[in-house]
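# Architecture and fold: a report
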Amino acid sequence: VPRVVCKTLLSPGVCAVPADVLTVRRSGGLVSAEASETTLVQGQENILTFSFLPNIELASGSRITLSGLTGTQTPSSSPGDRAPLRDGFGDSFAITLVSWSMDTGILILEASSNLNSPAKPGVSFKLALTNGAASRAAAPVTIAVSPSPSANGACGVPSCDVLGLQDYSTITTSTLSDPAPVSLPPEGVLTATSQAGFVVADTQESSSVPSSDNVITLRFAANWPLRKGTVLTVTGLTGTQTPDSAALGVYVTN
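In short, a report on the structure. Quick caveat: nothing in here was measured; it's all calculated off a predicted structure.

The rules we used
Residues numbered from 1 in each chain as written. Predicted model: local features only at pLDDT ≥ 70, side-chain atom pairs only at ≥ 80, totals over all residues. Heavy atoms only, no water. Helix = DSSP H or I, 4+ residues; strand = E, 2+ residues; numbered from the N terminus. Buried < 20%, exposed > 50% of the residue type's maximum accessible area, 1.4 Å probe, protein only. Contact = heavy atoms within 4.5 Å. Areas by Shrake-Rupley, 256 points an atom, 1.4 Å probe, with all protein chains shown as cover. Phe/Tyr/Trp six-rings, centres within 6.5 Å; stacked < 30°, edge-to-face > 60°. Lys NZ or Arg CZ within 6 Å of the ring centre and 35° of its normal. Salt bridge = Lys/Arg side-chain N within 4 Å of Asp/Glu carboxyl O. Pairing = 2+ DSSP bridges.

## Overview of the overall build of the protein chain
- Across its full length, the protein chain holds zero helices and 13 strands.
- For the protein chain, the succession of helices and strands along the chain, N to C, is β-β-β-β-β-β-β-β-β-β-β-β-β.
- Counting only C-alpha atoms, the protein chain reaches 115 × 45 × 30 Å along its principal axes.
- Per-residue burial for the protein chain yields a buried fraction of 30% across its 254 residues.
- Put simply, 71% of the contacts in the protein chain that link residues at least 6 apart link residues at least 24 apart.
- Accessible area of the protein chain: about 15,800 Å², with a carbon and sulfur share of 55%.

## Brief notes about the packing of aromatic side chains
- Inspection of every chain in the model, using the stated rule, returns one aromatic pair.
- Ring geometry for F50 and F125: centres 5.6 Å apart, planes at 25 degrees, overall stacked. Remark: F125 occurs in strand β9 (residues 123-130) and F50 occurs in strand β4 (residues 45-54); sequence separation between them is 75 residues. Like F50, the residue F125 is buried in the burial classification.
- Sitting above the plane of the F89 ring, K126 keeps its charged end 4.4 Å from the centroid.

## Notes on the pattern of salt bridges
- Summed over all chains, the structure comprises five salt bridges.
- Close ionic contact of R63 with E110 constitutes a salt bridge, the shortest N to O distance being 2.8 Å. With R63 in strand β5 (residues 63-67) and E110 in strand β8 (residues 106-111), this pair connects stretches of sequence that are 47 residues apart.
- Using a relative accessible area of 24% as the deciding quantity, one classes E110 as partly exposed.
- The salt bridge involving D87 is made with R82; its shortest N-O contact spans 2.5 Å.
- We classify R82 as partly exposed; its relative accessible area is 29%.

## Some words on the sheet that holds strand β10 (residues 142-146)
- Overall, antiparallel pairing links the five strands, which are arranged β7-β8-β5-β10-β11 in an open sheet. Among the strands making up the open sheet, the edge pair consists of β7 (95-101) and β11 (182-183).
- When β7 meets β8, the two strands line up antiparallel, connected through six bridges. Looking at the pairing, L97 lines up with L109 of β8.

Structure below.
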């Protein structure tokens, strides 16, 4: 005799609430997505960090498409390139670069192995892109995730749930044929609103007595890295008795 599987038993043999199984209330998609950047200075390398949480497993062959990465000076990729993907962070070890176009601002990545699981559902990676040389506001960026159309996940089917019965809502849905892009908060990246220059610059001297030695201290802080080979030019040091010399004593501290 068939019996009703009961979720809440009112009394022996009396079922108040039947068991709730095979419920489908959600589509595969993204629960959250965010991006951040490290500099607003024009012409500088900008490390972009992307993190997102899908509710399905992204097996080998899944693709991640970023659109809107415009205004950068980082050249388009060639076959075999890893750049602008930054190795050594997050899930970069399981991601390969499919293509990067400086002109269109579209970057496509592909999973070389499973990117997430119920034990680690989130995905993250970094890109190293060079800000544009001219002032510009942030570029609105979107992300779209396409699960692999051919590979099965750990559960044995193409779409495997990684969040289970957690309470959440998706911000988009992703299908195998038409993944919906999601705008990444904050309102964009690759901001280049500041020119390279000094944010602090002042001078001090040790003596105001005529014909005496005077140690001049220059203090400055730049908003861009002063790498080996950078040339700093100081002008206006007139009225001194110190003769011309290529060996003038200069002491550098930081």
